[in-house]
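Single-letter residue listing:
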Amino acid sequence: MTSSPQISRRRRFLSWVLGLLPTFLLGSSSPALARPPIQMGYSNWAGWWPWAIGEEEGIFKKNGANVQLRWFDGYIESMEAFAAGQLDANTQTLNDTLSFAPKSVNGQVVVLVNDNSAGNDKIIVREGINTIADLVGKRVAVEEGVVGDFLLTLGLEREGFSRDDVIIVPLETGAAAAAFAAGQVDAVGAFPPFWLTALERPGSKELFSSAEFPGAIPDLLVVSQKLIDEQPDQVQALVNSWFDILKFMEENPQRADEIMARRAGVTPEELQLFKDGIRFFTIEDNLKAFSPGEGMQHMPYAARQMVDFMVRVGFISEGPKDLEALFDDRFVRAYAESVGVRR
């Protein structure tokens, strides 16, 4: 018996639908297809410019990292967005993470150390200011409560002074450097590329820098606890991508510098100057940084010291309640194992 044309058409349609059904089912259960890209913030710091290489050179894709980078001209704006749950990850210093973590809606966890500031954070002063004691009573422009302010306070405290001994002029770092260059303040706390602007003022000079406080300013990748709980594979992909980025920089220095200089808005010559002020962390450096121990090179120890210091000087009223929960080394350990590096 033969089927009618109408029945045949129905059968063909049903076969087509049934053939597609596994695809629909696979798509509905696949995290890569169902989830939007991770939103990761980064801002104008030499140790974070390499993330742009991961995007331009397909390194994220190679590692399976479904990430959308979001550039912030203002560093503090990136931290505010992360704390408010508008980002899944952000690039931050340790002291700033300690400040923002307690009010973060999705939690904050350090999973990677990108670098240590080794001179790139600077206090620049006008002519006639030659010692930290000379700063007393002077107007100092800083982005209040974040890394430049932290460095300023470290320097003042070392010489027996306090932040109250200077007149703080609170400005975003780029605006602070411009105000100093225009002669509106006596000193400024700045990071690259903004201290170049500050040094355009005739007679200006560096008074002190992060090079005098080794380990005090580690620069980090921080992710939300929510991202770790829901997509640990993506956190791993980000960490793996970072070490591939460093490898790319080593093997393709000219192309890497071109990408970073364009992202930062600086010349290749200026880029080299800024790179001299940071120390990128290897996987071995990372393993040491996450490990317990005495000394600022161990982040758990450094965090305790920083919280005590920042509470004492009035930066914060309290730090994170559980400092151990702030660090998760499983991702750097997994990468280390994958390349045969042991602790």
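Residues numbered from 1 in each chain as written. Predicted model: local features only at pLDDT ≥ 70, side-chain atom pairs only at ≥ 80, totals over all residues. Heavy atoms only, no water.

### Points about the nonpolar core
Then step 1. Grouped together as the largest cluster of nonpolar side chains are 113 residues, with contacts concentrated most on Trp51 and Val111.
Then step 2. By residue number, the principal contributor to this core is helix H11 (residues 232-251), which donates 10 residues. (Core = buried A, V, L, I, M, F, W, Y, C linked by side-chain atoms within 4.5 Å. Buried < 20%, exposed > 50% of the residue type's maximum accessible area, 1.4 Å probe, protein only. Helix = DSSP H or I, 4+ residues; strand = E, 2+ residues; numbered from the N terminus.)

### Section: the sheet that holds strand E5 (residues 122-125)
Then step 1. Here we have 5 strands laid out as an open sheet, ordered E7-E6-E8-E5-E9, and mixed in their pairing. Here the strands that pair on one side only, and so sit at the sheet edges, are strand E7 (167-170) and strand E9 (205-209). Direction aside, the axes of adjacent strands within the sheet are offset by 25° on average.
Then step 2. The pairing of E5 with strand E8 (residues 187-190) spans 4 bridges and is classified as antiparallel. Bridging across to E8, valine 125 finds its partner in alanine 187. (Pairing = 2+ DSSP bridges. Axes fitted to C-alpha atoms, helices over the stretch in contact; angles between N-to-C directions.)

### Concerning the side chain of lysine 122
Then step 1. Along the chain, the position of lysine 122 falls in strand E5.
Then step 2. Only 2.8 Å separates the side chain of lysine 122 from the side chain of glutamate 206, close enough to count as a polar contact.
Then step 3. The residues touching lysine 122, leaving out its near neighbours within four places in the chain, are Leu151, Val188, Gly189, Ala190, Trp195, Glu206, Phe208 and Ser209. (Polar contact = N/O pair within 3.5 Å; in protein donor to acceptor, adjacent residues only side chain to side chain. Contact = heavy atoms within 4.5 Å.)

### With respect to the sheet that holds strand E3 (residues 89-93)
The pairing of strands in a sheet comes from backbone hydrogen bonds and takes either a parallel or an antiparallel form.
Then step 1. The sheet built from 6 strands is open, its strands ordered E2-E1-E3-E10-E4-E11 with mixed pairing. Unpaired on one side and paired on the other, strand E2 (67-72) and strand E11 (278-280) mark the two borders of the sheet. Taken over all neighbouring pairs, the strand axes of this sheet differ in orientation by 30° on average, direction set aside.
Then step 2. Two strands pair when backbone bridges link them, and strand E1 (residues 38-43) and E2 are joined in this way by 6 bridges, in the parallel orientation. Bridge assignment links methionine 40 to a residue of E2, and that residue is leucine 69.
Then step 3. Each of strand E4 (109-117) and E11 touches helix H14 (residues 283-290); the most contacted strand, E4, lies at about 120° to it.

### Section: the packing of H14 against helix H16 (residues 330-338)
Then step 1. Across the interface, H14 lies against H16 with an axial gap of 10 Å and an inter-helix angle of 145°. Crossing hand, H14 versus H16: left-handed. Of H16, the residues touching H14 (which contributes Ile283, Asn286, Leu287 and Phe290) are Val332, Arg333, Tyr335 and Ala336.
Then step 2. Per-class residue counts for the contact of H14 with H16 are 6 nonpolar, 1 polar and 1 charged. (Left-handed = near helix turned anticlockwise from the far one by under 90°. Nonpolar A, V, L, I, M, F, W, Y, C, P; charged D, E, K, R; others polar.)

### A short note on unusual backbone geometry
Then step 1. Here the amide bond leading from proline 192 into proline 193 is cis, since omega sits at 0°, within 30 degrees of zero.
Then step 2. Considering the arrangement of structural elements, one finds proline 193 in the loop between E8 and helix H9 (194-198).

### Some points on a negative patch on the surface
Then step 1. Side chains of Asp73, Glu77, Glu80 and Glu172 sit close together on the surface and give a patch of like negative charge.
Then step 2. Position of glutamate 172 relative to the elements: it lies in the loop between E7 and helix H8 (173-181).
Then step 3. Assessed through its relative accessible area of 32%, glutamate 172 is described here as partly exposed. (Patch = residues over 30% accessible without salt bridge, like charges linked within 9 Å, V, L, I, M, F, W, Y side chains within 5 Å. Areas by Shrake-Rupley, 256 points an atom, 1.4 Å probe, with all protein chains shown as cover. Salt bridge = Lys/Arg side-chain N within 4 Å of Asp/Glu carboxyl O. Lys, Arg positive; Asp, Glu negative; His and termini not counted. Charge placed at Lys NZ, Arg CZ, Asp CG, Glu CD.)

### Concerning the pattern of salt bridges
Then step 1. Per the stated rule, a full pass over the model turns up 19 salt bridges.
Then step 2. Aspartate 186 is the partner of arginine 126 in a salt bridge, and the nearest nitrogen-oxygen pair spans 2.8 Å. Linking arginine 126 in the loop between E5 and strand E6 (139-142) with aspartate 186 in the loop between H8 and E8, this pair joins segments that are 60 residues apart in sequence.
Then step 3. For arginine 126, a relative accessible area of 22% corresponds to the partly exposed category.
Then step 4. When the shortest N-O distance is used, the salt bridge between aspartate 329 and arginine 333 registers 3.1 Å.
Then step 5. Arginine 333 gets classed as partly exposed once you look at its relative accessible area, which sits at 29%.
Then step 6. One connected set of salt bridges, linked through shared partners, spans Glu56, Glu57, Arg255, Glu258 and Arg262.

### A few points about the side chain of asparagine 286
Then step 1. Its place among the elements puts asparagine 286 in helix H14.
Then step 2. When its relative accessible area of 0% is taken as the criterion, asparagine 286 is described as buried.
Then step 3. A polar side-chain atom of asparagine 286 sits 2.8 Å from the main-chain amide nitrogen of valine 113.
Then step 4. Look past the residues within four positions of asparagine 286 in its chain and what remains in contact with it is Leu112, Val113, Phe243, Phe281 and Val332.

### A closer look at the confidence of the model for the chain
Then step 1. Averaged over all residues, the pLDDT of the chain equals 90, while 90% of them reach at least 70.
Then step 2. Overall, residues 1-32 carries pLDDT values under 50, and its contacts beyond four positions in sequence, including any with other chains, amount to 4 contacts. (pLDDT = per-residue confidence, 0-100.)

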